[in-house]
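Spelled out, the chains give:
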Amino acid sequence: MGSRPRDPGVTLQTDSFTTDLIRLIPEMRRRAMFLTRHADHADDLLQGALLRALRNRDRFEPGSNLRAWFSVILRHEMTDRWRSTRREVAYDQDRDIRFVEPEQENQARLSDLHLALQALAPEKRQALLAIAVAGLAYEEAADRIGCSSGTLKSRVSRARRELQDMLETGRLSRHAATSIERAAGIVAEGRRRDMAAA
């Protein structure tokens, strides 16, 4: 059996930092899976974040929150990977052409995500953002929000399902549609008043 080459910037030491980091791997893999929606990409993202954490272990202050520190590293790794790939040119062999995904497509996706998030019930949106964006542990988020961790987990699960459904189908929930219609009505009424006053 051949040995795997080691990264020269990483020394393997078994200490409390490494042990605690290893304990976080299952949770951080779930978070990476949520970010990438693809098992192989999640594994690559997690591996890159782990290497980055081991390289920068001297920047971690003992006694501080390792989960939060590593969550930030994971998000930075994801951002760096996204930035490096968003401008890559893809090659379509069937058509023998090169293309770059238009920037407008990314903006449209981001806009759809924002609308879908706004369409969630406030308690579901708050729970989802506390876990997925702020990177809080379920217990900590439940304490801050003021509910049990079981209730919070249920809200996050339902929010993820609703968000995924809205984004995949392109349909917003009845609540969002009503809010958007109401906002459109307010804008239209304001324009009518402006035109009548002119």
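Our structure is the block above this text.
This one's a predicted model, so the numbers in the text were calculated from it and none came from an experiment.

Peer 1: How would you summarise the overall build of the protein chain if you had to cite specific residues and measurements?
Peer 2: Regarding its fold elements, the protein chain presents 8 helices and 2 strands. When its helices and strands are written in sequence order, the protein chain yields α-α-α-β-β-α-α-α-α-α. The long-range fraction of contacts in the protein chain, counting pairs at least 24 apart against all pairs at least 6 apart in sequence, stands at 58%. Carbon and sulfur atoms form 51% of the exposed surface of the protein chain, whose accessible area is close to 14,000 Å².

Peer 1: Break down the environment of Val-133 for me, with residues and values.
Peer 2: Secondary-structure assignment places Val-133 in helix H5 (residues 122-133). Judged by its relative accessible area of 49%, Val-133 falls in the partly exposed class. In sequence terms Val-133 and Arg-75 are 58 residues apart; their C-alpha atoms lie 9.2 Å from each other. Setting aside anything within four residues of it in sequence, one finds Val-133 in contact with Arg-75 and Leu-128.

Peer 1: An account of the packing of aromatic side chains is needed here, citing residue identities and associated values.
Peer 2: The tally for this structure, following the rule as stated, stands at 3 aromatic pairs. For the ring pair Phe-17 and Phe-60, a centre distance of 5.6 Å and an interplane angle of 50 degrees mean the geometry is tilted. Of this pair, Phe-17 sits in helix H1 (residues 16-36) while Phe-60 sits in the loop between helix H2 (39-55) and helix H3 (66-86), and the two are 43 residues apart along the sequence. Exposure class is identical for Phe-17 and Phe-60. Each is buried. Measuring from ring centre to ring centre gives 5.9 Å for Phe-17 and Trp-69, while their planes differ by 70 degrees; the resulting arrangement is edge-to-face.

Peer 1: Talk me through the pattern of salt bridges; I want residue IDs and the actual numbers.
Peer 2: Under the criterion given, the structure shown has 9 salt bridges. In this structure, Arg-144 engages Glu-140 in a salt bridge whose closest nitrogen and oxygen atoms are separated by 3.0 Å. Of this pair, Arg-144 and Glu-140 both sit in helix H6 (residues 138-145), 4 residues apart, which is roughly one turn of the helix. Taking relative accessible area as the criterion, Glu-140 reaches 30% and is therefore assigned partly exposed. Three or more residues are tied together by salt bridges with common partners; here these are Arg-52, Glu-77, Asp-80 and Arg-81.

Peer 1: Describe unusual backbone geometry, with residues and values.
Peer 2: Among all residues except glycine, the phi angle is most often negative; among peptide bonds, the trans geometry is most common. The phi angle at Arg-37 is positive, at roughly 60 degrees, despite the residue not being glycine. With respect to the helices, strands and loops of the structure, Arg-37 is situated in the loop between H1 and H2.

Peer 1: Which residues make up the packing of H5 against H6, and what values do they have?
Peer 2: Across the interface, H5 lies against H6 with an axial gap of 10 Å and an inter-helix angle of 140 degrees. When the axes of H5 and H6 are compared, the pair comes out oblique. The two elements H5 and H6 meet at a crossing, and its hand is right-handed. Seen from H5, the contacting residues are Gln-126, Ala-127, Ala-130 and Ile-131; seen from H6, they are Tyr-138, Ala-141 and Ile-145.

Peer 1: Please give an account of the packing of H6 against helix H7 (residues 149-169) that cites residues and values.
Peer 2: At a minimum axis distance of 9 Å, the contact between H6 and H7 shows a crossing angle of 100 degrees. The orientation of H6 relative to H7 falls into the category roughly perpendicular. Here Tyr-138, Ala-141, Ala-142 and Ile-145 of H6 lie close against H7, whose contacting residues are Ser-149, Leu-152, Lys-153, Arg-155, Val-156 and Arg-160. Residue composition of the contact of H6 with H7, by class: 6 nonpolar, 1 polar and 3 charged.

Peer 1: Lay out H2 in plain terms, naming residues and giving numbers.
Peer 2: Along its 17 residues, H2 runs 24 Å from first to last C-alpha, staying within 8% of the 24 Å computed at 1.5 Å per residue. Buried residues of H2: Ala-42, Leu-45, Leu-46, Gly-48, Ala-49, Leu-50, Ala-53 and Leu-54, and no others.

Peer 1: Go over the side chain of Thr-36, please, and point to the residues and values.
Peer 2: Within the fold, Thr-36 resides in helix H1. Residue classification places Thr-36 among the buried positions, given a relative accessible area of 19%. Within the local environment of Thr-36, its side chain forms a polar contact with the backbone nitrogen of Ala-42, the two atoms lying 3.4 Å apart. Apart from residues lying up to four places away in sequence, Thr-36 is in contact with His-41, Ala-42, Leu-45 and Met-78.

Thresholds applied
- Residues numbered from 1 in each chain as written.
- Predicted model: local features only at pLDDT ≥ 70, side-chain atom pairs only at ≥ 80, totals over all residues.
- Heavy atoms only, no water.
- Helix = DSSP H or I, 4+ residues; strand = E, 2+ residues; numbered from the N terminus.
- Contact = heavy atoms within 4.5 Å.
- Areas by Shrake-Rupley, 256 points an atom, 1.4 Å probe, with all protein chains shown as cover.
- Buried < 20%, exposed > 50% of the residue type's maximum accessible area, 1.4 Å probe, protein only.
- Phe/Tyr/Trp six-rings, centres within 6.5 Å; stacked < 30°, edge-to-face > 60°.
- Salt bridge = Lys/Arg side-chain N within 4 Å of Asp/Glu carboxyl O.
- Axes fitted to C-alpha atoms, helices over the stretch in contact; angles between N-to-C directions.
- Parallel < 35°, antiparallel > 145°, perpendicular 65-115°, else oblique.
- Left-handed = near helix turned anticlockwise from the far one by under 90°.
- Nonpolar A, V, L, I, M, F, W, Y, C, P; charged D, E, K, R; others polar.
- Expected span 1.5 Å × (residues − 1).
- Polar contact = N/O pair within 3.5 Å; in protein donor to acceptor, adjacent residues only side chain to side chain.

Honestly, it's all geometry; don't read function into it.
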